[in-house]
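Residues per chain, in single letters:
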Amino acid sequence: MMKKKSAPGRKTVFYVLLFLLLFVCGCGGSETTAREESREKEERSLQIGMIFDNFIMERWQRDRDVFVSAASELGAQVNVQNANGSVEEQIALVEYFIEKKVDVLVIVPIEAEPLLAAVRKAREEGIRIIAYDRPITGAQVDLYISFDNHKVGRLMGEEMAERLKEQDRVVMICGPVTDHNVSEVEAGFREIMEESNILIEDIYYVPQWKGEYAGAYVRQNEELMQKVQGIMCGNDNLAGQAIAALSEQRLAGEICVVAQDADLAACQRIVENTQTMTVYKPVEKLAARAAQAAVALAEGNLQEGLVYEDETGRRTPYICLEPVKVNLSNMEEIIEGGFHLREDVYLNRPDLLE
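Position numbers for residues count from 1 along each chain, tracking the sequence in the order it is written. Two thresholds apply to this predicted model, a pLDDT of at least 70 for residue-level local features and 80 or more for giving and counting side-chain atom pairs, whereas whole-chain, interface and lining totals are computed over all residues. Each side-chain value is derived from all of the structure's non-hydrogen atoms; neither hydrogens nor water enter the calculation.

1. Observations regarding empty space enclosed by the protein
Right, on to step 1. Points on a 1 Å grid, built from protein atoms alone, make a cavity when a 1.4 Å probe fits but cannot get out and make a pocket when they are open with protein on both sides within 12 Å along at least 5 of 7 lines; residues with an atom within 4 Å of a point are the lining residues. Grid points are joined across faces, edges and corners, and a volume is the space filled by probe spheres set on the points. Counted under the stated rule, the structure contains two cavities of 30 Å³ or more.
Right, on to step 2. Taken as a whole, the largest cavity holds about 170 Å³ of empty space.
Right, on to step 3. In this structure, the largest cavity is lined by 19 residues; those nearest its centre are D179, W209, G234, Q260 and K281.
Right, on to step 4. The set of elements that each furnish at least two residues to the lining of the largest cavity consists of helix 2 (58-73) and helix 6 (180-196).
Right, on to step 5. For helices the rule is a DSSP run of H or I covering at least 4 residues; for strands it is a run of E covering at least 2, with both sets numbered from the N terminus onward. Tallying contributions element by element places helix 6 first for the lining of the largest cavity, with three residues.
Right, on to step 6. Among the residues forming the lining of the largest cavity, the class breakdown is seven nonpolar, six polar and six charged.
Right, on to step 7. Its boundaries defined by the atoms lining it, the second largest cavity holds a volume of some 50 Å³.
Right, on to step 8. In terms of lining, the second largest cavity is formed by P135, I136, A139, V141, Y144, Y308, D310, R314 and T316.
Right, on to step 9. Residues of the lining of the second largest cavity, tallied by class, amount to six nonpolar, one polar and two charged. Polar here means any residue other than Ala, Val, Leu, Ile, Met, Phe, Trp, Tyr, Cys and Pro, which are nonpolar, and Asp, Glu, Lys and Arg, which are charged; Gly is therefore polar.

Here it is, written out as structure tokens:
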């Protein structure tokens with residue numbers, strides 16, 4: 001006759017329960033520790049705030065993505081905000097980042113003067129300030145980084161001068177007067193027009209970089225469009241709207257149109273022969289360099305030899321990158337650089353790929 005197995009004793013049950021309790025607590029403790037370590041790591045990492053003018057322009061989206069990626073690789077965290085073209089919102093965002101106690105604040109200014117007080121307050125709080133692509137005229141900032149905007153204007157002018165002759169006429173459709181870079185690009189373009197004896201018939205400043213105003217200007221000045229041989233546009237978005245209006249007048253491809261930014265649509269128009277050239281500004285280089293500079297500033301290691309002096313006499317450490325003129329003859333430079341894919345650029349002209 002088999003004996004029944006005896007039930008576990010009280011001591012055995014006690015030890016089993018104790019073991020399970022310790023195991024569960026241990027797991028919970030590990031999770032808590034992991035969360036604490038993650039929070040401490042976040043608190044220790046460099047905090048960068050970044051305020052854009054808007055994301056209407058294609059290039060700003062590229063700048064954002066490259067900057068965030070490059071900064072992350074350097075161990076920094078980036079909080080990106082969009083002012084949506086509102087000066088008031090941009091000021092409020094500076095205040096927001098002051099409250100967040102970021103280490104570095106990168107700003108694409110809409111207008112400089114309204115930002116002066118907020119920028120001054122941020123610097124008083126120990127926040128390093130980088131003016132990105134546009135200077136904050138009159139403000140004491142730690143760094144200004146951009147392309148050579150005066151050269152951008154000269155490159156546009158040089159392309160125009162190569163295609164037009166003396167006494168030909170052009171109009172200028174520029175960005176808003178509140179954008180400091182507009183005046184620098186304009187100055188460079190005017191220099192070449194004067195040197196080449198090409199006449200500037202009219203100049204129009206587009207409010208807030210809104211492309212529809214460029215199109216409206218061309219439509220409202222149809223008689224003038226019949227008389228000019230060239231149009232200089234402040235960027236590719238304005239050029240696109242102007243060319244659409246020229247198409248309605250059967251003038252697309254008949255008038256030399258130059259612009260900047262190397263947007264995909266602009267590159268497509270160049271191979272389609274409705275836009276003559278664009279100025280390629282490798283924003284990947286600019287954004288990556290800005291991210292490196294932001295980290296170096298926070299660590300006190302930034303060393304730059306160039307100095308930018310604005311109209312008020314303010315002198316600021318300056319990083320200046322070189323722009324590149326691109327037309328149909330050297331479109332491969334954009335493609336080989338990975339800025340756009342060949343099949344996208346030649347989407348509407350696959351015959352040119354054969």
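Now, onward.
2. With respect to the environment of D344
Right, on to step 1. Note on placement: D344 falls in helix 13 (residues 342-345).
Right, on to step 2. Given the relative accessible area of 31%, D344 is considered partly exposed.
Right, on to step 3. Put simply, D344 and C267 are 77 residues apart on the chain and 9.2 Å apart in space, counted from C-alpha to C-alpha. Relative accessibility under 20% of the residue-type maximum defines a buried residue, over 50% an exposed one, and the middle range a partly exposed one, all with a 1.4 Å probe and only protein chains included.

3. Comments concerning helix 4 (residues 116-124)
Right, on to step 1. Listing the buried residues of helix 4 in full gives A118, V119 and A122. Burial along helix 4 is one-sided: seen end-on, the buried residues are contained in an arc of 100°.
Right, on to step 2. Whether two residues touch is decided by their heavy atoms; if any such pair falls within 4.5 Å, the residues are in contact. Looking at the buried side of helix 4, the elements it contacts are helix 3 (87-100), strand 3 (104-107) and strand 4 (128-132).
Right, on to step 3. Of the residues trailing helix 4, G126 is marked for its positive phi of about 85°. Picture the helix axis, draw a direction to every C-beta atom, and the arc is the one those directions span.

4. Here we look at the pairing of strand 9 (residues 256-260)
Regular strands have side chains that alternate between both faces of the sheet.
Right, on to step 1. In terms of residue burial, strand 9 counts as a mostly covered element, since five of its five residues are buried.
Right, on to step 2. Residues C256, V258 and Q260 of strand 9 are buried on one face, and the alternating residues V257 and A259, pointing to the opposite face, are buried as well.
Right, on to step 3. Two strands qualify as a pair provided that DSSP identifies no fewer than 2 bridges between them. Here strand 8 (residues 230-233) runs beside strand 9; their pairing, made up of three bridges, is parallel. If you follow M232 over to strand 9, its bridge partner there is V258.

5. Remarks on the packing of helix 5 (residues 149-163) against helix 6
Right, on to step 1. Comment: axis = line fitted to C-alpha atoms, over the contacting stretch for helices; angle = value between 0 and 180 degrees taken between N-to-C directions. With their axes 7 Å apart at the nearest point, helix 5 and helix 6 run at an angle of 35° to one another. The element helix 5 and its partner helix 6 pack so that their crossing is right-handed. Between helix 5, through N149, H150, V152, G153, R154, M156, G157, E158, M160 and A161, and helix 6, the contact on the second element is made entirely by N181, E184, V185, A187, G188, F189, E191, I192, M193, E195 and S196. In this scheme the crossing of two helices becomes right-handed for a clockwise turn of the near helix relative to the far one and left-handed for an anticlockwise turn of less than a right angle.

6. Concerning the sheet that holds strand 9
Right, on to step 1. Read across the open sheet, the six strands follow the order 7-6-8-9-10-13; overall the sheet is mixed. The two strands at the open ends of the sheet, each matched to only one other strand, are strand 7 (199-205) and strand 13 (324-326). Strand-to-strand twist of the sheet, defined as the mean angle between neighbouring strand axes without regard to direction, takes the value 20°.
Right, on to step 2. Lying on the sheet, helix 6 is in contact with strand 6 (169-174), strand 7, strand 8 and strand 9; it crosses strand 7 at an angle near 170°.

7. Focus on the layout of surface pockets
Right, on to step 1. In this structure, the largest pocket encloses a volume near 250 Å³.
Right, on to step 2. Lining the largest pocket are 17 residues, and of these D53, G85, I110, Q208 and W209 lie nearest its centre.
Right, on to step 3. Broken down by class, the residue content of the lining of the largest pocket amounts to seven nonpolar, five polar and five charged.

8. Observations concerning the nonpolar core
Right, on to step 1. Residues M156, M160, I173, M225, I231, M232 and C233 are the most contacted members of the largest nonpolar core, which totals 41 residues.
Right, on to step 2. The leading source of residues in this core is helix 9 (residues 236-248), at six residues.
Right, on to step 3. The contact partners of M156, leaving out residues within four places of it in the chain, are V185, F189, M232, C233, G234, V258, A259, Q260, M277 and V279.
Right, on to step 4. Of all hydrophobic cores here, the second largest spans 29 residues; its members include F52, A70, I145 and A290. Nonpolar cores were defined as sets of buried Ala, Val, Leu, Ile, Met, Phe, Trp, Tyr and Cys residues, with membership established by side-chain atoms within 4.5 Å.

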